[in-house]
Amino acid sequence: MSYQTVQENICFGGIQGVYQHTSQQLNCDMKFAVFTPPQAASEPCPVVFWLSGLTCTEENFTVKAGAQRVAAELGLVIVAPDTSPRGVDIPGQDDAYDFGSGAGFYVDATEDPWAAHYQMYSYITGELPALIFKHFPARADAQGIMGHSMGGHGALTIALKNPDTYQSVSAFSPIVAPSQVPWGQKALAGYLGDDQATWAEYDATALVTAGRTHPGKILIDQGDADNFLDEQLKPHLFADACTAADQACEIRMQPGYDHSYFFIASFIEDHLRHHAASLID
């Protein structure tokens, strides 16, 4: 469980680093970014995992979201992994932006040829955090998770299935019901097969409907000028499921905002403070 340093920079008194390791779960080399706040020089700090969206790597959030200033103030470690295996030489893996490279969808694939590498759910919930807690000053007893779009889908499903591990959860523009929208239907069918009963384990709306809830309040920000809102995101489906299940959830429709990192940067402070409220003693 070793890693190599790709780059480190001092940032707001902490360290923003990019690292690489050989993943046994994914059978390839993977990069991940970690922001270590200044408080971690004296004691381990709570950690928030960020899951990015389609086409992204570990770099997008790290350089565009502007999270480090507030994370440094609050004393939060932020971990931002890549969104899929890379360089695994699967035919067709680079043919589309919404399936294959950059589009792991945070599932454990069961269909060939994807199953040999595309085990992103287990990577995010198992191998990567184990590496983080072994080598970085992060607290395993104080974890949150958040993400954007495909990563918002990942954050919601992972938190709902592991409520004892992740004390806090939030999302920007999440794909809340992948079984009911084109992005999700393409990915889930490709990675998991045609039996839609298996898709429900990776569908936040289906999980809540089935009684898989989280003890904390879920925070979601969604721009009302997002061009994916009506076809791919459909936050009202998750809102209805949460109401029926008595799941605490705040979905904030933000006037004029789109799907970009300008939107994320505008509200990332709110999300980090939401996580800190649950994670910091």
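What comes next is a walk through the structure.

Rules and cut-offs
Residues numbered from 1 in each chain as written. Predicted model: local features only at pLDDT ≥ 70, side-chain atom pairs only at ≥ 80, totals over all residues. Heavy atoms only, no water. Buried < 20%, exposed > 50% of the residue type's maximum accessible area, 1.4 Å probe, protein only. Helix = DSSP H or I, 4+ residues; strand = E, 2+ residues; numbered from the N terminus. Arc of directions from axis to C-beta. 1 Å grid on protein atoms, 1.4 Å probe; cavity = no way out; pocket = protein on both sides within 12 Å on 5 of 7 lines; lining within 4 Å. Points joined across faces, edges and corners; volume = space filled by probe spheres on them. Nonpolar A, V, L, I, M, F, W, Y, C, P; charged D, E, K, R; others polar. Contact = heavy atoms within 4.5 Å. Pairing = 2+ DSSP bridges. Axes fitted to C-alpha atoms, helices over the stretch in contact; angles between N-to-C directions. Polar contact = N/O pair within 3.5 Å; in protein donor to acceptor, adjacent residues only side chain to side chain.

**Section: helix α8 (residues 235-245)**
Part 1 of the reasoning: The complete set of buried residues in α8 reads Pro-235, Leu-237, Phe-238, Ala-241 and Cys-242. Angular distribution of buried residues about the axis of α8 spans 155 degrees; they occupy a single face of the element. In this structure, α8 carries Asp-240, Thr-243 and Ala-244 as exposed residues pointing more than 90 degrees from its buried face.
Part 2 of the reasoning: Following α8 by one or two positions, Asp-246 has its phi on the positive side, about 60 degrees.

**So, the layout of surface pockets**
Part 1 of the reasoning: Roughly 240 Å³ of internal volume is contained in the largest pocket.
Part 2 of the reasoning: Lining of the largest pocket is provided by 14 residues; of these, Gln-7, Gln-16, Val-18, Thr-62 and Val-63 occupy positions nearest its centre.
Part 3 of the reasoning: Contributions of two or more residues to the lining of the largest pocket are made by β1 (4-11), β2 (14-23), β3 (28-36) and α1 (58-64).
Part 4 of the reasoning: Class assignment for the residues of the lining of the largest pocket results in 5 nonpolar, 6 polar and 3 charged.
Part 5 of the reasoning: Around the second largest pocket sit 14 residues that line it, and Gly-53, Leu-54, Thr-55, His-148 and His-259 are the ones nearest its centre.
Part 6 of the reasoning: Residues that form the lining of the second largest pocket fall into these classes: 6 nonpolar, 7 polar and 1 charged.

**Observations regarding the side chain of His-148**
Part 1 of the reasoning: Within the secondary structure layout, His-148 lies in strand β6 (residues 138-148).
Part 2 of the reasoning: Setting aside its immediate chain neighbours within four residues, His-148 contacts Trp-50, Leu-51, Ser-52, Gly-53, Phe-172, Ser-173, His-259, Tyr-261 and Ile-264.

**Topic: the pairing of β1**
Within a regular beta strand, the side chains point alternately toward one face of the sheet and then the other, so they alternate between its two faces.
Part 1 of the reasoning: Pairing between β1 and β2: 7 bridges, direction antiparallel. Paired with Gln-4 across the two strands is Gln-20, which belongs to β2.

**Details of the sheet that holds β2**
Part 1 of the reasoning: A sheet is described by the order of its strands in space; here 9 strands give the open sequence β1-β2-β3-β5-β4-β6-β7-β8-β9, paired in mixed fashion. A single partner strand is all that each edge strand has here, and the edge strands are β1 and β9 (249-254). On average, each strand axis in the sheet is tilted by 20 degrees relative to the strand beside it, whichever way the strands run.
Part 2 of the reasoning: Across 3 bridges, strand β4 (residues 45-51) lies against strand β5 (residues 77-81) in parallel orientation. Bridge pairing in β5 links Val-47 to Val-77.

**Details of the environment of Asp-141**
Part 1 of the reasoning: Within the element layout of this structure, Asp-141 appears in strand β6.
Part 2 of the reasoning: Sequence separation between Asp-141 and Gln-167 is 26 residues; the distance between their C-alpha atoms is 8.8 Å.
Part 3 of the reasoning: Side-chain polar atoms of Asp-141 contact the side chain of Arg-139, separated by 3.0 Å.

**A word on empty space enclosed by the protein**
Part 1 of the reasoning: Evaluated as defined, the whole model comprises 1 cavity of 30 Å³ or more.
Part 2 of the reasoning: The space that makes up the largest cavity amounts to roughly 70 Å³.
Part 3 of the reasoning: Lining the largest cavity, in full, are Gln-16, Ala-33, Val-34, Phe-35, Phe-61, Thr-62, Ala-67, Gln-68, Ile-78, Val-79 and Ala-80.
Part 4 of the reasoning: Listed by contribution, the elements that provide at least two residues to the lining of the largest cavity are β3, α1 and β5.
Part 5 of the reasoning: For the lining of the largest cavity, the residue count by class is 8 nonpolar, 3 polar and no charged.

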